[in-house]
Amino acid sequence: MALVGCGSAAPAISISNQQLSERVDTSDDWIRSRTGIGARRIASADEPLTELASRAARAALDHAGWAPGDLDLILLATSSPDDLFGTAPRVQGALGAMNAVAFDLTAACSGFLFALITAAQYIATGAVRRSLVIGADQLSRWLDWNDRRTCVLFGDGAAAVAVEACPVSETGLLGFRMRSDGSRYACLTLAQTDGRETLLPGVSTQKGGFAPIFMNGQEVYKFAVREVPQLLGEVLAATGTPADQVDWLLLHQANQRILDAVADRFAVPHERVLSNLAHYGNTSAATIPLMLDEAVRDGRIQPGQLLASSGFGAGLSWGAALLRWDGPRG
Ligand code: COA
């Protein structure tokens, strides 16, 4: 599988820490010093996830030089769909990619990396030739805007990567690992509420609905700084790649302190750690492709460069991959 195009889309509205401090008891200084976040984009009430994801997808198609009809598979990594039955088909419809099968994949902030690895398996078997892997989330829908422990951390966004079949010797997915630990699910949840409805005397059903995001920040922080370097180290060892051969650390953008801790563990200079937390905060499944797209378009990431990537978050789930960016074919 080769990575041959990317694109992104973010809502126009940007909310600064200062603005947020007019709503909840927080401050720019607290948020910046603990997380590196300075602002986040927030989708308006008229901006569904389908629209953001479709804009990102079109940009990636244009970048790769593909027509919508070229696509065989669209994977949408999201935890905040427009429709619990699936939002990917809506994106497929909006693109007019009528030859593609499209479905959602949910693995919270690991979702994009899990989806990219999933697409690679379809490509490896020959079932799929060209795929768009989209990471898109609109967690603003599911935040309690009065809970300063969570609402300052997240933002909305979407980004996509175009991947296609290539000779095995030229693959852009050099190695990967994926992990889940549901015994620690309660650290970070966007869970069904326990509302009930009486159907008949003696028969009650659950009433659909979700509680706002809950997070035990300290537990999630400890999880990330322990597990991410461990898994990334395994991928580097398995692929025989010394850390100094990695061009960029492309990690899930949750917290600058986590990015710095991972970089220090591998003695990667901080200028080779990609970060756009200051402008977007944590956009969940979108962070990795959003960061990739920014760094490709401003020329930091060059064709042929190696990217050590890791996604981590609710589930708990985490994954790591060593990627090579190819860019658009001639
Ligand atoms: N503004 C001001 N004060 C805040 C605040 C905010 N937005 N959020 C929490 N506080 C307060 C707390 O109420 C607490 O005050 P108290 O001691 O009077 O009770 C104090 O700050 C310290 O809270 P604590 O939760 O211990 O802060 P922390 O240093 O652990 O930082 C996080 C909190 C969320 C920044 C940190 O735990 C973290 O980054 N965790 C990982 C989160 C993450 O990356 N999640 C996504 C994974 S995909």
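All values reported here derive from a predicted model rather than from experimental measurement.

A. Here's a closer look at the site of the ligand. Near the ligand, the surroundings consist of 22 residues, among which Thr26, Arg148, Gly217, Gln218 and Asn255 are the closest. At 2.7 Å, a side-chain N or O of Thr26 approaches a nitrogen atom of the ligand. About the coverage of the ligand: the protein hides 72% of its 970 Å² of free accessible area. Only helix H2 (28–35), helix H6 (148–151), helix H7 (217–238), helix H8 (256–265) and strand E14 (306–313) provide two or more residues apiece to the shell around the ligand. Of all the elements, H7 adds the most residues to the shell around the ligand, at four residues. When the residues that make up the shell around the ligand are grouped by side-chain class, the tally is nine nonpolar, eight polar and five charged. The residues that make up the shell around the ligand include at least three from each of domain 1 (2–170) and domain 2 (173–184 + 215–324).

B. Up close: the sheet that holds strand E15 (residues 317–324). Here four strands make up an open sheet; going across it, the order is E8-E15-E14-E13 and the pairing mixed. Edge strands, defined here as strands with exactly one partner in the open sheet, are strand E8 (173–180) and strand E13 (248–251). Recorded for the sheet is a direction-independent mean angle of 10° between the axes of neighbouring strands. Bridge analysis of E8 against E15 gives seven bridges, and the strand direction is antiparallel. Directly across from Ser180, in E15, lies its bridge partner Ser317.

C. Inspection of the domain arrangement of the chain at higher detail. The domain boundaries assigned to the chain delineate domain 1 (2–170) and domain 2 (173–184 + 215–324). For domain 1 versus domain 2, the distance between C-alpha centres works out to 16 Å. At the junction of the two partners, domain 1 supplies 44 residues and domain 2 supplies 40 residues. One can count zero salt bridges joining domain 1 with domain 2. Secondary-structure elements contributing two or more residues to the side of domain 1 that touches domain 2 are strand E1 (2–9), H2, strand E3 (39–41), helix H3 (49–64), helix H5 (111–125), strand E6 (130–138), H6 and strand E7 (156–164). Sort the elements by how many residues they give to the side of domain 1 that touches domain 2 and H5 lands first, with seven residues. Tallied by class, residues from the side of domain 1 that touches domain 2 come to 24 nonpolar, 13 polar and seven charged.

D. Representation of the sheet that holds strand E4 (residues 73–77) within the structure. Taken in spatial order, the five strands line up as E1-E7-E6-E4-E5 in an open sheet, and their pairing is mixed. Edge positions in the open sheet fall to E1 and strand E5 (101–105), since each of these has one partner strand only. Each strand of the sheet is rotated relative to its neighbour by a mean of 15°, with strand direction disregarded. Direction of pairing for E1 relative to E7: antiparallel, over a ladder of seven bridges. Within E7, the residue paired with Ser8 across the bridge is Ala159. The strands touched by H3 are E1, E4, E6 and E7; relative to E1, the strand with the most contacts, the crossing angle is about 140°. Strands in contact with helix H10 (residues 287–297) are E1, E6 and E7; relative to E1, the strand with the most contacts, it is inclined by about 100°.

E. Local environment of the nonpolar core. Membership of the largest hydrophobic core comes to 43 residues, with the highest contact counts inside it found for Leu188, Leu232, Leu249, Val262, Phe266 and Phe312. Counting only elements with at least two residues in this core, the list comes to H7, E13, H8, E14 and E15. Counting residues per element, this core draws most heavily on H7, which supplies eight residues. Looking at this core, you find at least three residues from each of domain 1 (2–170) and domain 2 (173–184 + 215–324). Non-local contacts of Phe312, meaning those with residues more than four positions away in its chain, are made with Cys109, Ser110, Phe223, Ala224, Val228, His252, Ala254, Ile258, Ser317 and Trp318. Formed by 36 residues, the second largest nonpolar core is a distinct cluster that contains Leu3, Ala107, Phe114 and Ala119.

F. Quick peek at the packing of H3 against helix H4 (residues 88–95). With their axes 9 Å apart at the nearest point, H3 and H4 run at an angle of 55° to one another. By the angle class used here, H3 and H4 are oblique. By crossing handedness, the relation of H3 to H4 is classed as right-handed. Taking contact as the criterion, the partners of Thr50, Ala53, Ser54, Ala57, Arg58 and Leu61 in H3 are, on H4, Arg90, Val91, Ala94 and Leu95. Taken together, the residues of the contact of H3 with H4 break down into six nonpolar, two polar and two charged.

G. Focus on H4. Along H4, the residues that are buried comprise Ala88, Val91, Gln92 and Leu95. Each buried residue of H4 lies within a common arc of 100° when the element is viewed along its axis, so the set occupies one face. Where H4 is buried, its residues contact H3, E4, E5 and E6. Among the residues trailing H4, Gly96 stands out with phi positive, at a value near 75°.

H. Layout of the packing of aromatic side chains. Applying the stated criterion across every chain yields a total of two aromatic pairs. A cation over a ring is seen here: Arg265 above Phe266, with NZ or CZ 4.8 Å from the ring centre.

Criteria and thresholds
- Residues numbered from 1 in each chain as written.
- Predicted model: local features only at pLDDT ≥ 70, side-chain atom pairs only at ≥ 80, totals over all residues.
- Heavy atoms only, no water.
- Near = heavy atom within 4 Å.
- Polar contact = N/O pair within 3.5 Å; in protein donor to acceptor, adjacent residues only side chain to side chain.
- Areas by Shrake-Rupley, 256 points an atom, 1.4 Å probe, with all protein chains shown as cover.
- Helix = DSSP H or I, 4+ residues; strand = E, 2+ residues; numbered from the N terminus.
- Nonpolar A, V, L, I, M, F, W, Y, C, P; charged D, E, K, R; others polar.
- Domains from an automatic or database assignment.
- Pairing = 2+ DSSP bridges.
- Axes fitted to C-alpha atoms, helices over the stretch in contact; angles between N-to-C directions.
- Contact = heavy atoms within 4.5 Å.
- Salt bridge = Lys/Arg side-chain N within 4 Å of Asp/Glu carboxyl O.
- Core = buried A, V, L, I, M, F, W, Y, C linked by side-chain atoms within 4.5 Å.
- Buried < 20%, exposed > 50% of the residue type's maximum accessible area, 1.4 Å probe, protein only.
- Parallel < 35°, antiparallel > 145°, perpendicular 65-115°, else oblique.
- Left-handed = near helix turned anticlockwise from the far one by under 90°.
- Arc of directions from axis to C-beta.
- Phe/Tyr/Trp six-rings, centres within 6.5 Å; stacked < 30°, edge-to-face > 60°.
- Lys NZ or Arg CZ within 6 Å of the ring centre and 35° of its normal.

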